[in-house]
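# Residue-level structure breakdown
Each chain, letter by letter, is given below.
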Amino acid sequence: MHMFAVLKTGGKQYKVSSGDVLRVEKLAADAGEKVQFNEILMVGGTVGTPVVEGAAVQAEVIDQIKGEKTINFVKRRRKHSSKRTKGHRQQLTLLRVTDILEKGGDKSGVKAAVGAGSVAGVAVAAAATKKPAAKKAAPKKEAAPKADAKTAAPKKAAKKTDGDDLTQISGVGPVIVGKLHDLGVTTFAQIAAWTPEDVAAMDEKLNFKGRIDRDDWLKQAAELAKG
């Protein structure tokens, strides 16, 4: 009777015997390379708690393959609903079991089987264990000379208070206010007095395409101009 073992990899369990060929979630290994599974839940008549200490299953990588294509249906919840299908083929590793070890697996020296998605995490963890190089002390900066009262930096100019707060018009935000100011528009009265030609020109300059009429800027501006 062949010895068997139950190993765990990629979140799944596999019952294997020497010589078995199986497909597992993609491992970080090349074809022809030998790998070892160390998470053994059962080997022969020994049941792990949760794993069997020192037990291992060794296997040779045959090839990196893709699984059967699965179709997922995606439905969008919109006014005009639609459906689409999305195909997916899982990345797998095909391998052949070569040896089942009841003990001594922790000293075999064979490369541990690691999922391809875990390689980056392992590299990051290894990098985290390296001690950072000692930083060189930065040279002290000489204190800047105090400025004379006469040469002190001038005070910032007070903000301009001319014009109305155009953000009170619904649909006008700070960005639009800046553009209007650049075009010389600063008051409610100016907007209220726009002609249809002015509205068309502003639509072009602000790239609004009818928004001024939709939000009724002229009516809002006229009411705000009255106070």
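Refer to the structure presented above.
Everything in this summary refers to the structure shown in the same document. (Residues numbered from 1 in each chain as written. Predicted model: local features only at pLDDT ≥ 70, side-chain atom pairs only at ≥ 80, totals over all residues. Heavy atoms only, no water.)

Strand order in the open sheet formed by four strands is E2-E1-E5-E6, with antiparallel pairing between adjacent strands. Edge positions in the sheet fall to strand E2 (12–17) and strand E6 (46–47), since each of these pairs with one other strand and no more. Where strand E5 (residues 40–43) lies against E6, two bridges are found, and the strand directions are antiparallel. Within the sheet, the bridge partner assigned to Met42 lies in E6 and is Val47. (Pairing = 2+ DSSP bridges. Helix = DSSP H or I, 4+ residues; strand = E, 2+ residues; numbered from the N terminus.)

Turning to unusual backbone geometry, a few remarks are in order. Pro50 follows Thr49 through a cis peptide bond whose omega is 0 degrees. Tracing the backbone shows Pro50 in the loop between E6 and strand E7 (56–66). Positive phi, normally seen in glycine, also occurs at Asp216, with a value near 55 degrees. Within the secondary structure layout, Asp216 lies in the loop between helix H5 (211–214) and helix H6 (217–225).

Under the criterion given, the structure shown has zero aromatic pairs. For Lys15, the ring lying beneath its charged end belongs to Phe4, and the centroid distance is 4.5 Å. (Phe/Tyr/Trp six-rings, centres within 6.5 Å; stacked < 30°, edge-to-face > 60°. Lys NZ or Arg CZ within 6 Å of the ring centre and 35° of its normal.)

Right, let's talk about the pairing of E2 for a bit. As defined by bridge partners, strand E1 (residues 4–9) adjoins E2 across six bridges and the pair is classed as antiparallel. The residue of E2 that forms the bridge with Thr9 is Lys12. Where E1 folds back on E2, the antiparallel hairpin that results is connected by two residues, among which Gly10 adopts a positive phi of roughly 60 degrees.

This part covers the environment of Gly10. One can find Gly10 in the loop between E1 and E2. Overall, the relative accessible area of 40% leaves Gly10 in the partly exposed class. C-alpha of Gly10 to C-alpha of Gly115: the two residues are 105 residues apart in sequence and 6.9 Å apart in space. (Buried < 20%, exposed > 50% of the residue type's maximum accessible area, 1.4 Å probe, protein only.)

Moving on: helix H4 (residues 196–206). Among all positions of H4, only Val199, Met202, Asp203 and Leu206 are buried. Angularly, the buried residues of H4 cover 105 degrees about the axis, an arc narrow enough to put them on a single face. Set apart from the buried face of H4 by more than 90 degrees, the exposed residues are Glu197, Glu204 and Lys205. Those residues of H4 hidden inside the fold are in contact with helix H2 (174–182), H5 and H6. At the exit of H4 stands Asn207, carrying a positive phi of roughly 60 degrees. (Arc of directions from axis to C-beta. Contact = heavy atoms within 4.5 Å.)

Here we come to the environment of Thr9. One can find Thr9 in strand E1. Residue Thr9 is classed as buried on the basis of its relative accessible area, which comes to 11%. Note: C-alpha distance between Thr9 and Ala113 (104 residues apart in sequence) is 8.4 Å.

Our focus in this paragraph is the pattern of salt bridges. Throughout the structure, instances matching the rule amount to two salt bridges. Close ionic contact of Asp99 with Lys34 constitutes a salt bridge, the shortest N to O distance being 3.6 Å. Residue Asp99 is located in strand E10 (residues 91–101), and its partner Lys34 is located in strand E4 (residues 34–37); the two are separated by 65 residues in the primary sequence. Residue Asp99 is classed as partly exposed on the basis of its relative accessible area, which comes to 32%. (Salt bridge = Lys/Arg side-chain N within 4 Å of Asp/Glu carboxyl O.)

From the geometry alone we can't say anything about function, so treat these as descriptive.
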